[in-house]
Structure formats: structure tokens, C-alpha cells
Amino acid sequence: MAAHNNFLLIIFNCVLILQNAPFLAVALPLPEPISAKLRNDSQTIKLASTDYGRIIEEKPYGVFFPVNGSDIAGLIQFMYGSPTPMDIAARGHGHSVQGQSLVENGIVVNMTSLGGLDGRIVVSTTTAALGPYADVGGEQLWIDVLHATMAKGLTPLSLTDYLRLTVGGTLSNAGIGGQTFRFGPQISNVLELDVVTGKGELLTCSPTNNPELFYGALGGLGQFGVITRARIPLGPAPTRAKWVRMLYTNFSAFTSDQELLISNNGKEKSNGLNYLEGLLLLELKAPDNSSFYPLPDQPKISSLITQYGIVYVLEVVKYYDQQSAGCVDQDLEKLLTGLRFEAGLKFIKDVSYEEFLDRVHTDEVALRSLGLWDVPHPWLNLFIPKSKLFEFEWGVYRSIIQKRKLSSCVLLFYPMFKNKWDEKTSAVIPDEDVFYTAGFLFSSGFDNWQTFEEHNRDILKFCAEAGIGAKLYLPHFESQKEWVDHFGRKWPVFQQRKALFDPKHLLSPGQKIF
Ligand code: FAD
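None of these values were measured; they are calculated from a predicted model. (Residues numbered from 1 in each chain as written. Predicted model: local features only at pLDDT ≥ 70, side-chain atom pairs only at ≥ 80, totals over all residues. Heavy atoms only, no water.)

S.K.: How should the overall build of the chain be read in this particular structure?
M.R.: When helices and strands are counted, the chain shows 17 helices and 18 strands. A compact globule built from 514 residues should have a C-alpha radius of gyration of about 24 Å, and the chain, at 23 Å, falls within 12% of that. Overall size of the chain, expressed as C-alpha extent along the three principal axes, is 70 × 55 × 45 Å. Of all 514 residues assigned to the chain, the portion counted as buried reaches 57%. Carbon and sulfur atoms form 54% of the exposed surface of the chain, whose accessible area is close to 21,200 Å². Across the chain, the centroid of the 46 positively charged side chains sits 2 Å from that of the 53 negatively charged ones. (Helix = DSSP H or I, 4+ residues; strand = E, 2+ residues; numbered from the N terminus. Rg over C-alpha atoms; globule rule 2.2 N^0.38 Å. Buried < 20%, exposed > 50% of the residue type's maximum accessible area, 1.4 Å probe, protein only. Areas by Shrake-Rupley, 256 points an atom, 1.4 Å probe, with all protein chains shown as cover. Lys, Arg positive; Asp, Glu negative; His and termini not counted. Charge placed at Lys NZ, Arg CZ, Asp CG, Glu CD.)

S.K.: Could you clarify how one ought to interpret the side chain of D41 in this entry?
M.R.: Position of D41 relative to the elements: it lies in the loop between β1 (38-39) and α3 (42-47). Within the structure, the side chain of D41 is placed 3.3 Å from the side chain of R39, a separation counted as a polar contact. One polar contact links D41 to T44, side chain to side chain, over a distance of 2.7 Å. (Polar contact = N/O pair within 3.5 Å; in protein donor to acceptor, adjacent residues only side chain to side chain.)

S.K.: Hey, could you run me through the sheet that holds strand β4 (residues 107-110) in this one?
M.R.: Pairing between the strands of a sheet comes from backbone hydrogen bonds, and it takes one of two forms, parallel or antiparallel. Spatial strand order, β1-β2-β4-β3: four strands in an open sheet with mixed pairing. Sheet topology places β1 and β3 (88-91) at the edges, where each strand pairs with a single neighbour. The strands touched by helix α4 (residues 69-81) are β2 (62-64), β3 and β4; relative to β4, the strand with the most contacts, the crossing angle is about 170°. (Pairing = 2+ DSSP bridges. Contact = heavy atoms within 4.5 Å. Axes fitted to C-alpha atoms, helices over the stretch in contact; angles between N-to-C directions.)

S.K.: Even after reading the chapter, I still don't get the side chain of E192, so can you show me in this structure?
M.R.: Structurally, E192 can be placed in strand β8 (residues 192-197). Note on E192: relative accessible area 19%, which makes it buried. Of the polar contacts made by the side chain of E192, one reaches the side chain of R229; its length is 2.6 Å. Apart from residues lying up to four places away in sequence, E192 is in contact with T204, C205, S206, F214, R229, A230 and R231.

S.K.: What am I meant to see in the nonpolar core here?
M.R.: In summary, soluble globular proteins display a tendency toward joint burial of nonpolar side chains. Judged by nonpolar contacts, the single largest core of 118 residues is most densely connected at L193, L382, F392, Y397, I401, F413 and F440. For I401, the contacting residues outside a window of four places in its chain are L282, V396, L406, L411, F440, F442 and I459. (Core = buried A, V, L, I, M, F, W, Y, C linked by side-chain atoms within 4.5 Å.)

Written out as C-alpha cells, the structure reads:
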């Protein structure tokens, strides 16, 4: 991370601060176009000092509210030219969990202030060569992209489980979900980007135009520039979804059925499954009418959990529309024939396409009403090579999660294909054709998140000692040596791109890489 002596800050501290002025009204050596859009009232600073994780706190010097990409370019150009620049962190929706969008004594760029402009989502339906696509601002939430595209009968192809994340934020990581097995992560579904580099240049890039910047920025953890626009390919939007969960007590049957389904269902197969994930059940709360599982089946599921410790849930979705409504049930039945889930434990919901895609928001609303959304989130997300599945199950799920009764969290486990990821992007994945994502999405109290961080450390320790070859998704490390290990053979390229596009190490210091 850049450790800049903060000349501007010293001057700032020497002048009068108008505490509650909405924008900085002090004589700073900042050009007017920048100072006019910079705020440092206590409320603004407080909001930009933490993230969804609620674990790390870092106070910025100020928060910048750009109106357009040129404002961001102006800010970065100014800092790049300054002998004592401040660090700059783009903040999308602040849904990182380890302070990745924070910056101590630097400037947070509030990306969402770009979003008020009309024309930040433009859907093009008539391009023969590229097919339909949308040009979307980097600050846009995926839910808004979905709404705008659905209005024209179209949809992005690869979406995350939760859609209230920004386009720039997920593209800076990878953007994974139940469609990744089919279309790859979101970073495999981008045609072009506008990026403001760490020198303040506003550049358009694509696989053929500035490809180093394009591939660097995708999965680049905000290290090479601020993404202000992305061109996203679209496909026809279905209208409804058959949403299925099947319960397993045997890990081997669960994972081999997952792999069978994804290998039978490439995107070429128009009649295949559209979505596949998996989760672990270690507890079923008291009889619950709002559960995915019907009330009469809940005692049986609970007794299976008691008997086996963990019940594995294979979750799949088949989309349909008016035209395919007549055959969707038979098609689904055919796809699921021969699977080895527990007899009678297959449950199906029929919901709208949007209701399915925005499902986590339904949980969000419920959790918010209970005051359980804005709490610490000591999350861990891993990629596990297929060859180590059983060691992982034994060492992590059985020996840590089950033994310690860590039941009050969301545990995800589902496979994807390496060949749907572009090696040229900055994202890091295991070097095996099939790998799984394992999510440990803990929520905790403000006084006990450290306990969960310890569980996470134990999981990582087991993986390291057992030679699992796990890679962190949404990575977070304390030392550069760990980052070098994480990137492995990609590290030299990552470093070169940093030298090329952000030589002063100004951008996204919260990642703690440089
Ligand atoms: P922020 O947290 O604001 O920023 C993240 C990083 O990206 C920071 O380093 C920031 O500086 C940088 N950044 C932000 N915007 C830009 C930009 N425009 N240009 C360049 N750099 C930028 N991820 C998945 O892949 N799949 C999921 O299903 C999924 N579900 C989630 C559900 C929840 C409830 C939450 C909280 C997170 C989930 N995530 C998921 C993780 C999420 O993708 C990342 O945390 C992502 O960074 C969040 O986007 P954001 O807009 O909040 O980014």
C-alpha cells in the first residue's frame, strides 16, 4: 500500500473546518472542480469508514462525489501530479467484508453519485455483430441493470446471487453464481470497459483495444483503474423459473450429481439447466411457514440432520416462458432423472424470473427488520480443486463446521469449469478443470466476530497443511508475501500492470497488495 506523507492533510488541519458544511468550504490547495465535490462532514466520513463486513474501520480524509467520469479523471490526475498524493478508493456499494473499499486519510470516490444521471444504462438490441448488449455505468447496481434490460425482453447472462452490488465492484472481483458453470463468471461476460487509470487517463479498452488494461481491470481488485462503464452482452430474458432443491445425506452422491448436471448442461444446450448451486444444512429452525421446505416435511429433514450431521442441498433452476411453459415440467423431470437425492426430498417452487434472481433481497428485507443485516460479517470464500473434495469435506465440513456446530450461517458449495474463466484476467482460480466454490457466510455480533475469524483461520490452516490448493475468492491478506503466493504465476503480470497503470500505487489501497 502506498504510504504517502500527507501534505494536503497537514494544510487541511491548519485551516478552519466548517464541521457541518455539506461540501468542503475551506481553502484547500485543491482545484475548485475537486474541492466542490468533496465532503468531509462527520456523517459522510462515518458512512465511508466501514463496509458490509463491519470489521475494519478506516477514516478517509474526504469523500468525492463525481458527476461523470471526467471528474474522477480530474481527481486522479491531480493526485498523480502531486508530490504528496493521497490514496484513492472507489467505493461501489461498500459490500466488501474486509475493508477493500476503505482508505485511511485518503479519498473515497462515491461511485453511486454517478448513478443519478440519465443514460447510465443503455440497452442496444439491434447490433448484428455483437448481439444485444448494455452499456452500463460502473456504479450501477445489477438489479437496475436487470430491470432496464428486462424492459426490452433481455437479461445479463451471468449474475451474482445478490444483485444490489455495483457492476464495477463485482467486475473487480469476478462475479460468480449459479450461472457460472454455463457462462463463466461476470468477468467472462464483458465486451468493453471505460477505465480511469491511476494516472488519470480515461481509456476505453477491450480484448483488442488496450487489452492489458481490459484484462487487468477484470478481477483486478481495483488496482489498475476505476471502471466507469462496462459493455455487457445480453440474452433473451425468460419470464419464470422452476426452482428446485434436492436433499442429500451423502457428499459423494451430492457432488457427483452436481458435476453430472453441469457437464450435461453447457450453454449450447438450450434445453439444459440454467442455474446450479449447492448448500449445506446443519440446522432447520423451528417449524417455519416461510421456509423453502413444506411444513409437513420439516420434521423429516430435521431428523436427517440429527442423524447425518449435515444435509447437502442441490439447488437447480430451469427458466421458462409462455412458449416453453407446456413442456418445462417434463424437461425438468428428464434432467433430474437418475439423481441420487433422498427419496421424496425434492422440492419445487414456481416463481417469476425476477423473484428468483432477487431472492437474497427478500432475505435482506427480513434480516433488516430484525436488525440482523448491518452486523459484522466475517466471511470466507474459497475455490477448491475437485481432486481435493473429500479431504476438504472431512477436514473442514466434518472436523470444523459440524464439530463446532457452526450452523447459523450460509454455507455454499458448488462446481464450475476452469475453461469458462479467461486466464488473461487478473482473477485467480485453482489449476484444475473443475473446481468448487465454498462460501462460509457468517454473521456475528459486534463482540464475537473474532471467534468466527478464528474458525476461518483454522479452515485456511487445514487447507494449507493438507495441501488442498485452495484459492481465496474476494481475497484478503495482511502481507505482500501472501499476495505473491495467492497470485502464483500471475504475480509478475499483476505487478507489471500495476507499474503501467497505477505507478504511484494510488488506487484501492484497502486491498493491501502494494
Ligand atoms: P465495493 O465493496 O464498494 O468495492 C470492492 C472493491 O472494488 C474495492 O477495492 C473498490 O475500491 C473496488 N471498486 C469498486 N467499484 C469499482 C470500480 N467501479 N472500478 C474499480 N474498482 C472498483 N460476489 C459474487 O461474486 N457472487 C455473489 O453471489 C455475491 N454475493 C454477495 C452477497 C452479499 C450480501 C454481499 C455483501 C456480497 C456478495 N458478493 C458476491 C461479493 C461482492 O461481489 C463483492 O464484495 C463486491 O466487491 C461488492 O461490490 P461493491 O459494489 O459493494 O464493491
